[in-house]
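# Structure assessment
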Amino acid sequence: MAVTTIAYRHGVMAADTRAYGGREGSIGSKVKIRRLPDGRLIGATSAQVGAGEAILDWYAAGADVHKTPEGVESDEVGLLVVHPDGRAQVASGAWTLTGMLENAYFAVGSGSNYAVAILEFGGTPQQAVEIACKFDSCSGLPVVSLMHGAPCPSPRHSRRAKWLSWVGRRFKISG
């Protein structure tokens, strides 16, 4: 089970900050995404307490599948890696990453279905994660984001912009 929501589009990765504490439920907030020195953006998700940070550290240290973090079960691994050129790799339930993927956007985690819907209609990753937090009990505000470089462009289509404006007003989300 992937406990978080992480979304990416146009050089921006966003994630919720709800800290999962197992039976304790939400125990605060934490950052689940990082920018590596070479410009890659990485985000980790896991229902195993403390595994998210261990997964990020493991990937940042070279992602050696023979030296995985101690105590982290492979079925608890969730990782989104986006390279500066916008291509991505995903690990889900295993320590191995996919080959390079190309798409207009990416979303992983328990709230990814909500996030994908917003991204499909031209929303920003921040908007996608904020709305996912409204409906996914395993994701929570506030949202944090990192950029490769350029800021996320505004929606290109007026119809999409109007729809996103309505969604923002309906769910009291700032854009």
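This report concerns the structure included in the present document.

Parameters and conventions
- Residues numbered from 1 in each chain as written.
- Predicted model: local features only at pLDDT ≥ 70, side-chain atom pairs only at ≥ 80, totals over all residues.
- Heavy atoms only, no water.
- Helix = DSSP H or I, 4+ residues; strand = E, 2+ residues; numbered from the N terminus.
- Buried < 20%, exposed > 50% of the residue type's maximum accessible area, 1.4 Å probe, protein only.
- Areas by Shrake-Rupley, 256 points an atom, 1.4 Å probe, with all protein chains shown as cover.
- Axes fitted to C-alpha atoms, helices over the stretch in contact; angles between N-to-C directions.
- Parallel < 35°, antiparallel > 145°, perpendicular 65-115°, else oblique.
- Left-handed = near helix turned anticlockwise from the far one by under 90°.
- Contact = heavy atoms within 4.5 Å.
- Pairing = 2+ DSSP bridges.
- Salt bridge = Lys/Arg side-chain N within 4 Å of Asp/Glu carboxyl O.

Attention now goes to the overall build of the protein chain. Each helix and strand in the protein chain was counted, giving four helices and ten strands. Across the protein chain, helices and strands are ordered from the amino to the carboxyl terminus as β-β-β-β-β-β-α-β-β-β-α-α-β-α. When burial is assessed residue by residue, the protein chain has 46% of its 175 residues classed as buried. If you sum the accessible surface of the protein chain, you get close to 8900 Å²; carbon and sulfur atoms cover 51% of it.

Another point: the packing of helix 2 (residues 112-120) against helix 3 (residues 125-135). To describe two helices that pack against each other, one gives the angle between their axes and the distance between the axes. Viewed as axis vectors pointing N to C, helix 2 and helix 3 meet at an angle of 140 degrees, and their least axial separation amounts to 8 Å. Judged by the angle between their axes, helix 2 and helix 3 are oblique. Our pair here, helix 2 against helix 3, has a crossing hand that is right-handed. Contacts from Tyr114, Ala115, Ile118 and Leu119 in helix 2 reach Pro125, Gln127, Ala128, Ile131, Ala132 and Phe135 in helix 3.

This part takes up the sheet that holds strand 1 (residues 5-9). Taken in spatial order, the four strands make up an open sheet running 9-1-2-10, and their pairing is antiparallel. What marks the edges here is a single partner per strand, and that holds for strand 9 (105-109) and strand 10 (143-147). Ignoring which end each strand starts from, the neighbouring axes of this sheet average 15 degrees apart. Pairing of strand 1 with strand 9, which is carried by five bridges, proceeds in the antiparallel orientation. Counted as the bridge partner of tyrosine 8 is phenylalanine 106 from strand 9. Packing of helix 3 onto the sheet brings it into contact with strand 1, strand 2 (12-16) and strand 10, and relative to strand 2 it is tilted by some 15 degrees.

To continue, consider the sheet that holds strand 8 (residues 88-92). One open sheet holds the four strands; their spatial order is 5-6-7-8, and the pairing between them is antiparallel. If you trace the sheet from one side to the other, it starts and ends with strand 5 (33-35) and strand 8, each paired once. Going from strand to strand, the sheet's axes swing by 10 degrees on average, the running direction of each strand aside. Bridge count between strand 7 (residues 78-82) and strand 8: five bridges; the pairing is antiparallel. Its bridge partner lying in strand 8, glycine 78 is registered against serine 92. The strands touched by helix 1 (residues 51-60) within the sheet are strand 5, strand 6 (41-45), strand 7 and strand 8, with strand 6 carrying the most contacts at an inclination of about 145 degrees.

The next point concerns the pattern of salt bridges. In total, this model carries five salt bridges according to the counting rule given. A salt bridge links lysine 32 to aspartate 16; the shortest N-O distance between them is 2.9 Å. Of this pair, lysine 32 sits in the loop between strand 4 (26-29) and strand 5 while aspartate 16 sits in strand 2, and the two are 16 residues apart along the sequence. Taken as a pair, lysine 32 and aspartate 16 share a single burial class, namely buried. Of the charged contacts, one joins arginine 40 and aspartate 38 as a salt bridge, the two residues approaching to 2.7 Å between their closest N and O atoms.

Everything listed here is a matter of geometry and, on its own, says nothing about what the molecule does.
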